[in-house]
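Observations on the three-dimensional arrangement
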Amino acid sequence: MSDEQTPIQLADVQAAGSAIRKAIADGDGPLPPRFLVEFLLQEWRRYLALTHHRHGPSSPEWQAAVDATLRLIISAQPVHSPAQRSKLMQSLPKLVADIKHGTAVANTPLPVRDAFLGQLRDIHLALIEPPKDGKEKPEPDLSDTVSMDVRDPRYRMLLDRLDGADGVDHIEM
């Protein structure tokens, strides 16, 4: 039986959850919007688990999927300068292509994919639009901050959902 036909293993689901958790921590920003978290926990985790299962943890396909996860999370974080805005705009075509690829691998229904991309587009448009007063916010000094506060109940809930049994429920084949 080939990897395409063998069922996804718990290790694949755990690797997918770990990749999402690491990307959120490496994003070093606020928690993603709720719609993005839901997408990550359902459709994107299925894509990651399938990629891990089919190609393995040291494959270029897995590395590309993990990289796309981080870029997706970072794309929804606030921008504070024209340089950040420009970098976001330049990154969007590849990100959208990667999302379409991932949702195709995960067999995400087109209406679900398109609804997600519509919400993500709205976030990106809001981030790309320059401030109305013409004044950029100064770059925040993050040197002494912690990327995530484990006391934040939203963060705890996210970790519980990534680690818990409901993670397997979302990986239906």
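Each remark here, short or long, concerns the structure printed above.
These lines cover the structure that appears in this document, whether it is placed above or below. Because the structure is predicted, anything quoted here is derived from the model rather than measured. (Residues numbered from 1 in each chain as written. Predicted model: local features only at pLDDT ≥ 70, side-chain atom pairs only at ≥ 80, totals over all residues. Heavy atoms only, no water.)

1. Examining the packing of aromatic side chains
To describe a pair of aromatic rings, you give the distance between the ring centres and the angle between the ring planes. A full pass over the atoms with the stated rule returns four aromatic pairs. An angle of 50° between the planes, with centres 5.7 Å apart, marks the rings of F35 and F116 as tilted. Of this pair, F35 sits in helix 2 (residues 34–55) while F116 sits in helix 5 (residues 110–128), and the two are 81 residues apart along the sequence. Overall, the relative accessible area of 16% leaves F35 in the buried class. Here the aromatic cluster, defined as three or more aromatic residues joined through ring pairs, consists of F35, F39, W44, Y47 and F116. (Phe/Tyr/Trp six-rings, centres within 6.5 Å; stacked < 30°, edge-to-face > 60°. Helix = DSSP H or I, 4+ residues; strand = E, 2+ residues; numbered from the N terminus. Buried < 20%, exposed > 50% of the residue type's maximum accessible area, 1.4 Å probe, protein only.)

2. Some thoughts on the packing of helix 2 against helix 4 (residues 82–105)
At a closest axis distance of 8 Å, the pairing of helix 2 and helix 4 adopts a crossing angle of 75°. In this view, helix 2 runs roughly perpendicular relative to helix 4, as classed from their interaxial angle. Facing F39, W44, Y47, L50, T51 and R54 of helix 2, the residues of helix 4 in contact are D98, I99, H101, G102, T103 and V105. Its residues assigned to classes, the contact of helix 2 with helix 4 comprises six nonpolar, four polar and two charged. (Axes fitted to C-alpha atoms, helices over the stretch in contact; angles between N-to-C directions. Parallel < 35°, antiparallel > 145°, perpendicular 65-115°, else oblique. Contact = heavy atoms within 4.5 Å. Nonpolar A, V, L, I, M, F, W, Y, C, P; charged D, E, K, R; others polar.)

3. What about the nonpolar core?
One broad rule of soluble globular proteins: the nonpolar side chains tend to lie buried together. If you look at the biggest cluster of nonpolar residues, it comprises 36 residues, and the most contacted ones within it are W44, L48, L72, I99 and F116. Considering each element in turn, this core owes the most residues, nine residues, to helix 2. In contact with L72, other than residues within four places in its own chain, are L36, F39, L40, L95, I99, F116 and L120. (Core = buried A, V, L, I, M, F, W, Y, C linked by side-chain atoms within 4.5 Å.)

4. A short note on the pattern of salt bridges
Under the counting rule described, the total for this entry stands at seven salt bridges. Of the charged contacts, one joins K22 and D26 as a salt bridge, the two residues approaching to 2.5 Å between their closest N and O atoms. Of this pair, K22 and D26 both sit in helix 1 (residues 10–27), four residues apart, roughly one helical turn. What makes D26 partly exposed here is its relative accessible area of 42%. In this structure, the salt-bridge partner of D67 is R71, at a minimum N-O distance of 2.8 Å. Here the residue D67 and the residue R71 both occupy positions in helix 3 (residues 60–75), the gap between them amounting to four residues, near one helical turn. Within this structure, D67, R71, K94 and D98 form a network of salt bridges that share partners. (Salt bridge = Lys/Arg side-chain N within 4 Å of Asp/Glu carboxyl O.)

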